[in-house]
Amino acid sequence: MGKWFRRLWIGLLSGTAILASCNIFSPPPCYYGPPPMDPAQDSVIKAKQNKLEMLRQRIDEIHSVLEERRNSEVYGPPEVMEEYAKENRRLQAEADSLEQELKALELK
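Residues numbered from 1 in each chain as written. Predicted model: local features only at pLDDT ≥ 70, side-chain atom pairs only at ≥ 80, totals over all residues. Heavy atoms only, no water.

A word on the packing of helix α2 (residues 39-70) against helix α3 (residues 78-107). Each pair of packed helices can be summarised by the angle the axes make with each other and by the distance between the axes. Interhelical geometry of α2 versus α3 gives an angle of 155° and a closest axis separation of 9 Å. By the angle between their axes, α2 is roughly antiparallel relative to α3. The two elements α2 and α3 cross, and the hand of that crossing is left-handed. For the contact of α2 with α3, the residue count by class is 12 nonpolar, three polar and 11 charged. (Axes fitted to C-alpha atoms, helices over the stretch in contact; angles between N-to-C directions. Helix = DSSP H or I, 4+ residues; strand = E, 2+ residues; numbered from the N terminus. Parallel < 35°, antiparallel > 145°, perpendicular 65-115°, else oblique. Left-handed = near helix turned anticlockwise from the far one by under 90°. Nonpolar A, V, L, I, M, F, W, Y, C, P; charged D, E, K, R; others polar.)

Dropping the structure here:
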């Protein structure tokens, strides 16, 4: 009876030690909320959101300037009117390119 009890006791202690060592090095399970994000990935996402916001603001600024320029009257020689129209075309082209870049970033 003594040998059998000793073997059982050593077996229980060994099993407990093995289970304890396995649970010490494993991370605790996450039962609620999203899994923790990698800080590097989080900074990339924030940078992308900041860039999208800056593009939207710039596009809005250009559209407001173009709206003012379209509703204004220009007086002067033909060169002034041509320069004014050229500036309007440049602003419109910049707005179009920024909108394309914005769409490309939103799709990623």
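With that settled, consider the pattern of salt bridges. Counted by the stated rule, this structure contains seven salt bridges. The salt bridge involving K51 is made with E101; its shortest N-O contact spans 3.5 Å. Of the two residues, K51 is situated in helix α2 and E101 in helix α3; the sequence distance between them amounts to 50 residues. Accessibility expressed as a relative area gives 40% for K51, which makes it partly exposed. Here R90 and E94 are joined by a salt bridge, their closest N and O atoms 3.2 Å apart. (Salt bridge = Lys/Arg side-chain N within 4 Å of Asp/Glu carboxyl O. Buried < 20%, exposed > 50% of the residue type's maximum accessible area, 1.4 Å probe, protein only.)

Next up on the list: the nonpolar core. In terms of nonpolar packing, the biggest core is built from 10 residues, these being L52, L55, I59, I62, L66, L91, A95, L98, L102 and L105. Of all the secondary-structure elements, those providing two or more residues to this core are α2 and α3. (Core = buried A, V, L, I, M, F, W, Y, C linked by side-chain atoms within 4.5 Å.)

Turning our eyes to something else, we now look at α3. Between its first and last C-alpha, α3 extends 44 Å over 30 residues, near the 44 Å set by a 1.5 Å rise per residue. Listed in full, the buried residues belonging to α3 are N88, L91, A95, L98, L102 and L105. The inward-facing, buried residues of α3 abut α2. (Expected span 1.5 Å × (residues − 1). Contact = heavy atoms within 4.5 Å.)

This part covers the environment of V65. Within the fold, V65 resides in helix α2. Residues V65 and L91 lie 26 residues apart in sequence; the distance between their C-alpha atoms is 8.6 Å.

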